[in-house]
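Architecture and fold: a report
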Amino acid sequence: MATLGNPQHTIAILQKYNFRFQKKYGQNFLIDTRVLDRIMQAAGITQEDFVLEIGPGIGTMTQYLCENARSVAAVEIDPSLIPILEDTLRDYRNVEIICQDILKMDLGLLVQEKNQGKPIKVVANLPYYITTPIIMGLFESHMPIESITIMVQKEVAERMQAVPGTKDYGALSLAVQYYSFPEIIANVPPHSFIPQPKVGSAVIRLAKRQEPPLPVEDEKLLFAIIRASFQQRRKTLANGLQNAPNLPIDKALAIKVLESLGLNPSIRGEALSLDAFIQLSNAFCDTLSQNNHQ
Ligand code: SAM
């Protein structure tokens, strides 16, 4: 089977099957072997690995994964791509093609069945319309993952890796950095895809953390505080928290807790590190439980 990273081979397959791109599925297929090599290198796939690929398309990256991994599960939502994948991957015995919506799958069960519950690697050129739900779904499911190496919109990759005090820093940066160590591997121009996306792309590797950076008393409260802090970016943290309908925090309590941590009461969320958010949420957790017991 000819490798698909070559644009002529990709075009030939698309013509053979008279494939119609579906915009609603975010279909932009990779046609750049250097980018594919770079993704494989970053993902560090070995013959020991079970790899989950999200959205294999016509199987371009899947071929690379099959060459390098022990076993690959490729989950594709578009039924019209399944006969194509059966053709382009026919030489490989170590791949399972699953026609499903990744957001509706029980991935914990898949990992249990295919990898005896041991950590897996996820590799994907993601459909950009659902990048955040896919990544947060993978992390929040708490299924065993070693790393996630993905192509995303460049601007989203920058937000994931952003540090406090920068314009890109926000709830996504904190959520991703809570679960992983992000590292942008490469920027990828639109002409590396067919059809060309309207935006620049980037490959980012998220190496899963074994533990949160600090112990967290209440994860739900932590993320509610983070979301509330960035909902109204221009507001101070104390105002953002008192305006959040799902948080039992008024302005006086917010100021008291901020001061108890030695923080300026007029600080904004964008100035706080992940560690500081965790300390803040733990302090709120203690204060709220003390208030409940009084
Ligand atoms: N991996 C291929 C490549 O690099 O050429 C295709 C990448 S393309 C950006 C995204 C792929 O994800 C498409 O094949 C699309 O049909 C598929 N997809 C979109 N939404 C999906 C979902 N909810 N579950 C599984 N696959 C999905």
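Keep in mind that what you see is a predicted model, and the values were worked out from it rather than measured.

**Some details on the overall build of the chain**
- The helix and strand inventory of the chain stands at 12 helices and nine strands.
- Counting only C-alpha atoms and orienting by the principal axes, one finds that the chain spans roughly 70 × 40 × 30 Å.
- Classification of the 294 residues of the chain by burial places 52% in the buried group.
- Accessible area of the chain: about 13900 Å², with a carbon and sulfur share of 49%.
- Averaged over its 28 positive side-chain charges, the chain has a centre that lies 6 Å from the centre of its 30 negative ones.

**Some details on the pattern of salt bridges**
- A full pass over the atoms with the stated rule returns nine salt bridges.
- Between Asp87 and Arg90 there is a salt bridge, with its nearest N and O atoms 2.2 Å apart.
- Judged by its relative accessible area of 10%, Asp87 falls in the buried class.
- Taken together, the salt bridges that share partners define one network made up of Lys16, Asp87 and Arg90.

**Remarks on the environment of Val152**
- Along the chain, Val152 turns up in strand S6 (residues 145–153).
- Expressed as a C-alpha distance, the spacing of Val152 and Glu217, which sit 65 residues apart in the sequence, is 32 Å.
- With sequence-adjacent residues up to four places away left out, Val152 is seen in contact with Leu126, Tyr128, Thr131, Ala157, Met160, Ser201, Ala202 and Ile204.

**A word on the side chain of Ser147**
- Mapped onto the secondary structure, Ser147 falls in strand S6.
- On the basis of relative accessible area, Ser147 is assigned to the buried category, the value being 1%.
- The contact partners of Ser147, leaving out residues within four places of it in the chain, are Ile120, Lys121, Val122, Arg205, Leu206, Ala207 and Lys208.

**Side note on the site of the ligand**
- Around the ligand, a shell composed of 22 residues is seen, among which Leu30, Gly55, Glu76, Asp101 and Asn125 lie nearest.
- A distance of 3.5 Å separates a nitrogen atom of the ligand from a polar atom in the side chain of Glu53.
- Within the contact set of the ligand, a nitrogen atom lies 2.8 Å away from a side-chain nitrogen or oxygen of Asp101.
- Looking at the shell around the ligand, the elements with two or more residues in it are strand S1 (29–30) and strand S3 (71–76).
- Here the residues of the shell around the ligand are counted per class, giving 12 nonpolar, seven polar and three charged.

**Structural notes on the packing of helix H8 (residues 171–179) against helix H9 (residues 219–231)**
- Running from amino to carboxyl end, H8 crosses H9 at an angle of 155°, the nearest separation of the two axes being 9 Å. What the angle tells us is that H8 and H9 run roughly antiparallel. Counting all contacts with H8, which are made through Ala171, Leu174, Ala175, Tyr178 and Tyr179, the residues of H9 involved are Glu219, Leu222, Phe223, Ile226 and Phe230.
- Partitioned by chemical class, the residues of the contact of H8 with H9 number nine nonpolar, no polar and one charged.

**A look at unusual backbone geometry**
- For the bond running from Ile194 to Pro195, omega is -15°, close enough to zero to count as cis.
- Residue position: Pro195 is located in the loop between strand S8 (193–194) and strand S9 (201–208).
- Even without being glycine, Gln116 reaches a positive phi, approximately 50°.
- On the secondary structure map, Gln116 appears in the loop between helix H5 (107–115) and strand S5 (120–125).
- For Gln116, a relative accessible area of 53% gives the class exposed.
- Its identity as a non-glycine residue notwithstanding, His142 has a phi of 55°, on the positive side.
- The topology assignment puts His142 in the loop between helix H6 (131–140) and S6.

So, how was this worked out
Residues numbered from 1 in each chain as written. Predicted model: local features only at pLDDT ≥ 70, side-chain atom pairs only at ≥ 80, totals over all residues. Heavy atoms only, no water. Helix = DSSP H or I, 4+ residues; strand = E, 2+ residues; numbered from the N terminus. Buried < 20%, exposed > 50% of the residue type's maximum accessible area, 1.4 Å probe, protein only. Areas by Shrake-Rupley, 256 points an atom, 1.4 Å probe, with all protein chains shown as cover. Lys, Arg positive; Asp, Glu negative; His and termini not counted. Charge placed at Lys NZ, Arg CZ, Asp CG, Glu CD. Salt bridge = Lys/Arg side-chain N within 4 Å of Asp/Glu carboxyl O. Contact = heavy atoms within 4.5 Å. Near = heavy atom within 4 Å. Polar contact = N/O pair within 3.5 Å; in protein donor to acceptor, adjacent residues only side chain to side chain. Nonpolar A, V, L, I, M, F, W, Y, C, P; charged D, E, K, R; others polar. Axes fitted to C-alpha atoms, helices over the stretch in contact; angles between N-to-C directions. Parallel < 35°, antiparallel > 145°, perpendicular 65-115°, else oblique.

Functional significance is not addressed by these values, which are geometric in nature.
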